[in-house]
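# Commentary on secondary and tertiary structure
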Amino acid sequence: MSKLGIGLAAAAGVVVVGVLGTSYMIGGKIQDGFTEGVSRMSSKPLSIELNSYERGLFSSTAQTTWTFGGGEEPKRFKATHKISHGPLPKGHMAEVDTKFALNEGADEDLVKALNGRSPLLWNTQVGWNKSSTHSLTSPEFTGKFDESQVNWGGMQAKFELSAGLKNIKGNASFPQLLSHNPEQSNVEIKGSSIHFDVQKPEGQEFWVGPVGMAIASLDATPKEDGKPVKLQDLKLDTDTVLKGEVVNVLLNTQIKQVQAGPDSASDVALDFAFNNMDANWINQITKWGQEENPEPEEMRMKLMQSVPQLLARKPEFEIKRATMRTADGLSEFSALLAYDGDGSGSLSPAAIKASLKANLPKKVLESLIGSRVRKGYVETLEEFEQEIDEK
């Protein structure tokens, strides 16, 4: 063999060894990150157990068990993870394909409806900076569960996670959920979606940022007592903002059309805000909510003892706008409930401030007044009858 051939062979060997070594080294980092991710994601009401992890040169496999909820009948799923980390992955450090499977003893109706398909497929691409992008899909299925005929239109979701799991941004869509029960009620929800872009502040347990939800239509028809309800174009948007040591929460709700039995309304809107909420108080409440099986009485005592901490920031609850258009016209009002104490945290009833502004159509106002008069008249008659009985 010529010197050139020997040199090329040696160079090729070095490259091969380098690629194999790099891929195996990346595989080790991926295993560490995978184990750490399982630990971080395992938080009430979700518990994740890493059953096995087998690492190879170019790929690895892992098995996990996911448990939702507690009590006597928690929901469990097995997940298989196929992890690719070489050679020379394109644009990302690794890719993980996760396939969930129903656990043994799963509901027979659900097993039949899925017909061997996975209830959830999850693709993850891990970047070189340890951030990750995720795509989730759930198949559509139709089946009978107890006495209800259910049509699930599937689910698609995409989101991004920053390194350290401090930022989450993404969206999800749910085409439809139909449930028909001849003995109880029918529910049809179509065109649902959610979007979010939230962050966890340093040193805190709660999340801040915008979260939104939309439903194209909702139709609920009870079989017995109760009015059928129909909603069109429901939008719900919230935004949580941390400013220094206080948190402000804004919630905006809009409904294009709502109908309950023979009554209907349009252009329904409700915007309200919680202002000047103590950040450390919210953080503590969040931690308490994560405790396993908290005692109700103990939780009540903790909440009562934490009230001075909340009041010290002079919190406010404000209904910025509440509107509704009916055949009688447009009704709108706003309100404010605020605590304007001395900042010490001690409760002073005189420091509670309240205000209300309303603009109601004449017919609505007359109806309210008439209803109030009738109520007073009935109460007077009942008191009079009681006096006669006593005599």
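Position numbers for residues start from 1 in each chain and track the written sequence from start to end. Side-chain atom pairs in this predicted model are given and counted only at pLDDT of 80 or more, local residue features only at pLDDT of at least 70, and totals for whole chains, interfaces and linings cover all residues. Excluding hydrogens and water, the side-chain values take into account all heavy atoms of the structure.

## Describing a nonpolar patch on the surface
Each patch groups residues whose relative accessible area exceeds 30% and which form no salt bridge, using 9 Å between like charges and 5 Å between nonpolar side chains of Val, Leu, Ile, Met, Phe, Trp and Tyr. Only the protein chains shown count as cover for residues, with accessible areas throughout obtained via the Shrake-Rupley method and a probe of 1.4 Å. By definition, a salt bridge exists where a carboxyl oxygen of Asp or Glu is found within 4 Å of a side-chain nitrogen of Lys or Arg. On the surface, a nonpolar cluster with roughly 290 Å² of combined accessible area is contributed by Leu337, Leu347 and Ile352. Turning to its location among the elements, Leu337 is positioned in strand β17 (residues 329-339). Helix numbers and strand numbers start at the N terminus; a helix is a DSSP run of H or I with at least 4 residues, a strand a run of E with at least 2.

## Comments concerning a negative patch on the surface
His is not counted here, nor are the chain ends, while Lys and Arg score as positive and Asp and Glu score as negative. By convention, the point assigned to a charge is CZ for Arg, NZ for Lys, CD for Glu and CG for Asp. Together, Asp107, Glu108, Asp146, Glu147, Glu183, Glu224 and Asp225 line one region of the surface with negative charge. With respect to the element layout, Glu183 can be found in the loop between β10 (167-180) and β11 (185-199). With a relative accessible area of 57%, Glu183 lands in the exposed category. Buried, partly exposed and exposed residues are distinguished by accessible area as a fraction of the type maximum, computed with a 1.4 Å probe on protein chains only: under 20%, between the cut-offs, and over 50%, respectively.

## Quick look at helix α4 (residues 296-311)
One fewer than the residue count of a helix, multiplied by 1.5 Å, yields its expected span. Look at α4: 23 Å from first C-alpha to last across 16 residues, which is about the 22 Å you get at 1.5 Å a residue. Bending of α4 peaks at approximately 30° at the position of Gln305, with proline Pro308 no more than four residues after it. All of the buried residues along α4 are Met299, Ser306, Leu310 and Leu311. Working rule for contacts: check all heavy atoms of both residues, and any pair within 4.5 Å makes them a contact. On its buried face, α4 sits against β15 (263-278), α3 (279-289) and β17. Here the bend at a residue is taken as the angle between two axes, fitted respectively to the seven residues that end there and the seven that start there.

## Points about α3
Among all positions in α3, only Ala279, Trp281, Ile282, Asn283 and Trp288 are buried. Along its buried surface, α3 packs onto β13 (229-243), β14 (246-260), β15 and α4. Any pair of nitrogen or oxygen atoms within 3.5 Å is treated as a polar contact; in protein, a donor-acceptor pairing is required on top of that, and neighbouring residues in sequence qualify only through side-chain atoms on both sides. Capping the start of α3, Asp278 holds a side-chain oxygen 3.2 Å from the backbone nitrogen of Asn280, two or three residues further along.

## Observations regarding the packing of α3 against α4
The relative placement of two packed helices is expressed as an angle between their axes plus a distance between the axes. Inter-axis angles, ranging from 0 to 180 degrees, are taken between N-to-C directions of lines fitted to C-alpha atoms, where helices are fitted over the stretch in contact. At a closest axis distance of 10 Å, the pairing of α3 and α4 adopts a crossing angle of 170°. Taken as axis vectors, α3 and α4 run roughly antiparallel relative to one another. Residues Asn280, Trp281, Ile285 and Trp288 of α3 form the contact with α4, whose participating residues are Met299, Lys302, Leu303, Ser306, Gln309 and Leu310. Nonpolar residues are Ala, Val, Leu, Ile, Met, Phe, Trp, Tyr, Cys and Pro. Charged residues are Asp, Glu, Lys and Arg, and all others, Gly as well, are polar. Looking at the contact of α3 with α4, its residues break down into six nonpolar, three polar and one charged. Angular relationships are summarised with four words: roughly parallel below 35 degrees, roughly antiparallel beyond 145, roughly perpendicular across 65 to 115, and oblique for the angles in between.

## Remarks on the side chain of Thr253
Along the chain, Thr253 turns up in strand β14. Take Thr253: its relative accessible area is 17%, and that puts it in the buried class. For Thr253, the residues in contact, after removing those within four places along its chain, are Leu234, Lys235, Leu236, Val268, Ala269, Leu270 and Asp271.

## Description of the pairing of strand β4 (residues 94-102)
In summary, the side chains of a regular strand alternate between the two faces of the sheet. Strands pair, by our definition, only if DSSP identifies at least two bridges between them. Examined bridge by bridge, strand β3 (residues 75-84) and β4 share eight bridges and lie antiparallel to one another. Paired with Thr80 across the strands is Lys99, a residue of β4. When β4 meets strand β5 (residues 121-126), the two strands line up antiparallel, connected through six bridges. When the sheet's bridge partners are listed, Glu95 is paired in β5 with Gln125.

## What about the pattern of salt bridges?
A side chain with one charge can pair with a side chain of the opposite charge if their charged atoms come near. Overall, the coordinates contain nine salt bridges when judged by the stated rule. The residue Lys302 makes a salt bridge to Glu298 at a minimum N-O spacing of 3.7 Å. Residue Lys302 and its partner Glu298 are located together in helix α4, separated by four residues, close to a single helical turn. Judged by its relative accessible area of 44%, Glu298 is partly exposed. Here Lys314 ties to Asp340 by a salt bridge, and the two come within 3.7 Å at their closest N and O atoms. Taken together, the residues Lys314 in the loop between α4 and β16 (316-326) and Asp340 in the loop between β17 and β18 (352-359) connect sequence positions 26 residues apart. Linked by salt bridges that have partners in common, Glu245, Asp278 and Arg313 make up one network.

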